[in-house]
Amino acid sequence: MGKRKTPKRPPFEFAGQQVEAGTRLSTSLELPGQSRYTPLSMPVHIVHGKKDGPTLFVSAAIHGDEIGGIEIIRQLLNQKVLNRLRGTLICVPVVNVYGFLNHTRYMPDRRDLNRSFPGSEHGSLASRVAHVFRTEIIDRADYGIDLHTGANHRTNYPHIRANMDDPESARLARAFNTAVIVNASLRDGSLRGYALEKNIPVLLYEAGEALRFEKNAVRAGVRGIMNVLGALEMIKRTVKRRPHVTVEAESSHWVRAKRSGLIRDAAELGQKVAAGDRLAHLSDMLGDEETEVLATREGVVIGRTNLPIANEGDALFHVAEFDNAEKAGKTVERFEASLEGLGEGDYIDPILGE
Ligand SMILES: [Zn+2]
């Protein structure tokens, strides 16, 4: 007697198209046009695995100038292991297409797309785009990863923001295995806030600077998504001992400029600091009125401004606080070492069997 054949996995229907099991589709979702009637669309790439499994979306540039995730998605989709994917992967490299074209975070109606969820079919432009993304992408998914960078002139140390009170979000945040996890409260109208309301765990990855591709931010991003695919059993990975490089922050705070001026010798990302440590020199143009920016609490620098011009009150350094800052500092060092020399083909260990 022959082996009973497992029935073929049904196709994934997307925007009026059928993606057969074991195939991919590059397509796009139509968006409201611009004032000159120029049509616009949101690019989408779907990998519909041969075998059953969860549906995960990976999105980037919901803030139009935060383009680092576009390169992460490009490298992710080149990973050969996706040919044996279980489940379905939906990649959206640019969510805010309008902002992307104009190199800006915002929508043309000056709204923040990531504060416009759940959106509405008949609302403002931002609200309509949020509606498209919600109904076509989020509502179809079991999990999500949303890729961000620092805002304009700010850079972030690779970290995950997640709701660590939700056990599945916490499990995936730890699996991602990037330097720092920040237990982040949800913002009104954000993609992540909406998804969690629907019980769809979404991780937010923050790394690098707006309008730049940064090597380590990209490396840690691709590796992290591969780790999550492994944790969801969407790809098979060997149980290889890999360095544990994640620490969970208790909270985080911004150190602000006490006066206006120019910044020199700014602390590096990933630097461990104690209360009272100097984070930067701050002075007037000729250096006559010289002061120092001091750390107020112990922690690790996970964000900083790259612009050496500061106005009084500007947020200059983002410092994450830990139970055990010593251990956090060591873990961060291990994280950096673990990224060294990582190439596009190095994210996956040899597959067992097959
Ligand atoms: Zn962002």
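Every value quoted in this text rests on a predicted model; they were computed, and no experiment measured them.

(A) Highlighting helix α1 (residues 68-77). By the criterion of burial, α1 is predominantly enclosed, with 9 of the 10 residues buried. G68, G69, I70, E71, I72, I73, Q75, L76 and L77 are the residues of α1 that are buried.

(B) Up close: helix α6 (residues 215-231). Here α6 contains 17 residues, and its C-alpha end-to-end distance of 24 Å stays within 8% of the 24 Å for a straight helix at 1.5 Å per residue. Most of α6 sits out of view: 13 of its 17 residues are buried. In the segment just after α6, E233 is the residue with positive phi, at about 60 degrees.

(C) Structural context of the layout of surface pockets. One number sums up the size of the largest pocket: a volume of about 560 Å³. Around the largest pocket, the lining is made up of 25 residues, and of these R105, R115, R161, R187 and E206 lie nearest the centre. Sorting the residues of the lining of the largest pocket by element identifies β8 (154-162), β10 (202-209) and β19 (315-321) as the ones contributing at least two each. With 4 residues, β8 is the single largest residue contributor to the lining of the largest pocket. Across the lining of the largest pocket, the residue classes break down as 6 nonpolar, 10 polar and 9 charged.

(D) Highlighting the packing of helix α4 (residues 167-176) against α6. Direction vectors running N to C along α4 and α6 enclose 130 degrees, while the axes themselves pass 7 Å from each other. What the angle tells us is that α4 and α6 run oblique. Viewed along their axes, α4 and α6 form a crossing whose handedness is right-handed. Residues R171, L172, A175 and F176 of α4 lie in contact with α6, whose contacting residues are A220, G221, G224, I225, N227, V228 and A231. A breakdown of the residues in the contact of α4 with α6 according to their chemical character gives 7 nonpolar, 3 polar and 1 charged.

(E) Broad picture of empty space enclosed by the protein. Considering all chains together, one arrives at 1 cavity of 30 Å³ or more under this definition. If you add up the space inside the largest cavity, you get close to 60 Å³. As for the largest cavity, its lining consists of 14 residues, and the residues nearest its centre are G68, T149, A207, G208 and A217. Within the residue set of the lining of the largest cavity, elements represented by two or more residues are α1, β7 (143-148), β10 and α6. Ranked by the residues each element gives to the lining of the largest cavity, the list is headed by β10, at 4 residues. For the lining of the largest cavity, the per-class residue count stands at 6 nonpolar, 5 polar and 3 charged.

(F) How the structure looks around the sheet that holds strand β18 (residues 309-310). With respect to topology, 4 strands assemble into an open sheet ordered β16-β15-β13-β18, the strand pairing being antiparallel. Edge positions in the sheet fall to β16 (290-294) and β18, since each of these pairs with one other strand and no more. Here strand β15 (residues 278-283) runs beside β16; their pairing, made up of 5 bridges, is antiparallel. Bridging from a neighbouring strand, A280 pairs with V293 of β16.

(G) Region of interest: the coordination of the zinc ion. In the first shell of the zinc ion, the protein supplies H63 (ND1), E66 (OE), E66 (OE) and H148 (ND1), at 2.1 to 2.6 Å from the metal. Bound by 4 donor atoms, the zinc ion shows angles of 55 to 147 degrees at the metal and therefore irregular coordination geometry. Sequence positions of the residues that donate to the zinc ion give the spacing H-x2-E-x81-H. Residue E66 is found in the loop between β5 (51-60) and α1, and its partner H148 is found in strand β7; the two are separated by 82 residues along the sequence. For the pair shown, E66 and H148 are each scored as buried.

(H) Up close: the packing of α1 against α6. Put simply, α1 and α6 touch, their axes get as near as 9 Å, and they point 50 degrees apart. Comparing the axis directions of α1 and α6 gives the class oblique. The element α1 and its partner α6 pack so that their crossing is right-handed. Residues G68, E71, I72, Q75 and L76 of α1 touch α6, and the partners they reach there are A217, V218, G221, V222, I225, M226 and L229.

Cut-offs and rules
- Residues numbered from 1 in each chain as written.
- Predicted model: local features only at pLDDT ≥ 70, side-chain atom pairs only at ≥ 80, totals over all residues.
- Heavy atoms only, no water.
- Buried < 20%, exposed > 50% of the residue type's maximum accessible area, 1.4 Å probe, protein only.
- Helix = DSSP H or I, 4+ residues; strand = E, 2+ residues; numbered from the N terminus.
- Expected span 1.5 Å × (residues − 1).
- 1 Å grid on protein atoms, 1.4 Å probe; cavity = no way out; pocket = protein on both sides within 12 Å on 5 of 7 lines; lining within 4 Å.
- Points joined across faces, edges and corners; volume = space filled by probe spheres on them.
- Nonpolar A, V, L, I, M, F, W, Y, C, P; charged D, E, K, R; others polar.
- Axes fitted to C-alpha atoms, helices over the stretch in contact; angles between N-to-C directions.
- Parallel < 35°, antiparallel > 145°, perpendicular 65-115°, else oblique.
- Left-handed = near helix turned anticlockwise from the far one by under 90°.
- Contact = heavy atoms within 4.5 Å.
- Pairing = 2+ DSSP bridges.
- Donors = N, O, S within 2.8 Å, 3.2 Å for Na, K, Ca; no water.
- Tetrahedral: all angles 85-135°; square planar, octahedral: opposite > 155°, others 65-115°.

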